[in-house]
Amino acid sequence: MSDTVLNHIQNAHSVGKKLFAVLIDPEKCSGDSLLNFISLINKAKPDFIFVGGSQLRHSIDEAVIVIKEHSSIPVVLFIGNAVQFSPNADAMLVLSLISGRNPDFLIGQHVECAIEIKKSGIEAIPTGYVLVGRGQRTAVETVSGTDALSDTETIVRTAIAGELLGQRLIYLEAGSGAQSPVYDGVIAAVRDNVATPLIVGGGIRSTSMIDKALVAGADLIVVGNHLENTPSDIVPFVETVRRHNAANLS
């Protein structure tokens, strides 16, 4: 790639252009369903394809290879542990779960695959990962052994701390299959206090939810769980981001 994924995100952020990524979990989308979904993705043309999952029955690497064979859209790893690493992606978010205090997800998993990542030459993007909750426990909380944050001031302080520690992106995550997305008020509060590009995902199921997140200050919207159940929605979701850009960048 002539331009890095991080540069693309930062350049878009600098001019107020919003981006969209679809998240593919190989546990829930493989074989013919993956190929069919890739066909829809190529039609919609999102900015990125994120790939990640919480289980290990299906190979992340195999999924990345299939996606790369059938699409030219940049593939970015969004993985939860070391064994899910694939050297065949274009880039990876090196997630540090800064909202929790479990050392395994702050640095432990990173140590396990650090040499493999360095040797691969993959673009590795330090990303401060912040779980935002509204009371209902999500799969991410269960797997990570941490609790989501609900207090806006604490969320803002955590995002600022991540930025001070050198995280290049801040990711506000409501959790896979969350009943509600990250509040637009929380997004706006974080946006007002950090200069780092802001990713928002989890619980997004409609174009109106996307609009609210974009207006509040999200730079990159990520949708996974909803599109697993309703893959055809990727077209109107991407078009929503494009309409926002057309209205605000003209």
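Quick caveat, the model's predicted, so the values are computed rather than measured.

Rules of the game
- Residues numbered from 1 in each chain as written.
- Predicted model: local features only at pLDDT ≥ 70, side-chain atom pairs only at ≥ 80, totals over all residues.
- Heavy atoms only, no water.
- Buried < 20%, exposed > 50% of the residue type's maximum accessible area, 1.4 Å probe, protein only.
- Helix = DSSP H or I, 4+ residues; strand = E, 2+ residues; numbered from the N terminus.
- Contact = heavy atoms within 4.5 Å.
- Expected span 1.5 Å × (residues − 1).
- Arc of directions from axis to C-beta.
- Core = buried A, V, L, I, M, F, W, Y, C linked by side-chain atoms within 4.5 Å.
- Polar contact = N/O pair within 3.5 Å; in protein donor to acceptor, adjacent residues only side chain to side chain.
- Axes fitted to C-alpha atoms, helices over the stretch in contact; angles between N-to-C directions.
- Parallel < 35°, antiparallel > 145°, perpendicular 65-115°, else oblique.
- Left-handed = near helix turned anticlockwise from the far one by under 90°.
- Nonpolar A, V, L, I, M, F, W, Y, C, P; charged D, E, K, R; others polar.

Draft legend 1. Molecular detail of helix α7 (residues 184-191). By the burial criterion, the buried members of α7 are Val186, Ile187, Ala189, Val190 and Arg191. Of the surrounding secondary structure, the elements contacted by the buried residues of α7 are α1 (5-15), α6 (152-164), β6 (169-173), β7 (198-201) and α8 (207-216).

Draft legend 2. A look at α6. With 13 residues, α6 should reach 18 Å at 1.5 Å per residue; the first-to-last C-alpha distance of 18 Å fits that figure. Within α6, the full set of buried residues consists of Ile155, Val156, Thr158, Ala159 and Gly162. Within α6, the buried residues cover an arc of 160° as seen down the axis, which keeps them to one side. In this structure, α6 carries Arg157 and Leu164 as exposed residues pointing more than 90 degrees from its buried face. Considering only its buried residues, α6 is in contact with β5 (123-131), β6 and α7.

Draft legend 3. Molecular detail of the nonpolar core. Core analysis: the largest hydrophobic core is formed by 58 residues, its most contacted members being Phe20, Ile49, Leu77, Leu172, Ile187, Ile221 and Ile234. Residues within four places of Leu77 in sequence aside, it is in contact with Val51, Ile60, Val64, Phe85, Ser86, Ala89, Ala91, Met92, Leu93 and Ile122. The next biggest cluster of nonpolar side chains, apart from the first, holds 25 residues, and it includes Leu6, Phe105, Tyr171 and Leu220.

Draft legend 4. Examining the side chain of Ser99 more closely. Checked against the element boundaries, Ser99 lands in the loop between β4 (91-97) and α4 (103-120). With a relative accessible area of 7%, Ser99 lands in the buried category. Engagement of the side chain of Ser99 in a polar contact is seen with the backbone nitrogen of Leu131, the distance being 3.0 Å. When sequence neighbours within four positions are dropped, the list of residues in contact with Ser99 reads Tyr129, Val130, Leu131, Asp147, Leu149 and Thr158.

Draft legend 5. Summary view of the packing of α6 against α7. Viewed as axis vectors pointing N to C, α6 and α7 meet at an angle of 40°, and their least axial separation amounts to 9 Å. The angle between α6 and α7 falls in the class oblique. Taken as a pair, α6 and α7 cross one another with a handedness that is right-handed. On the side of α6, the interface is formed by Thr152, Ile155, Val156 and Ala159, while α7 contributes Val186, Ala189 and Val190. Among the residues forming the contact of α6 with α7, the class breakdown is six nonpolar, one polar and no charged.

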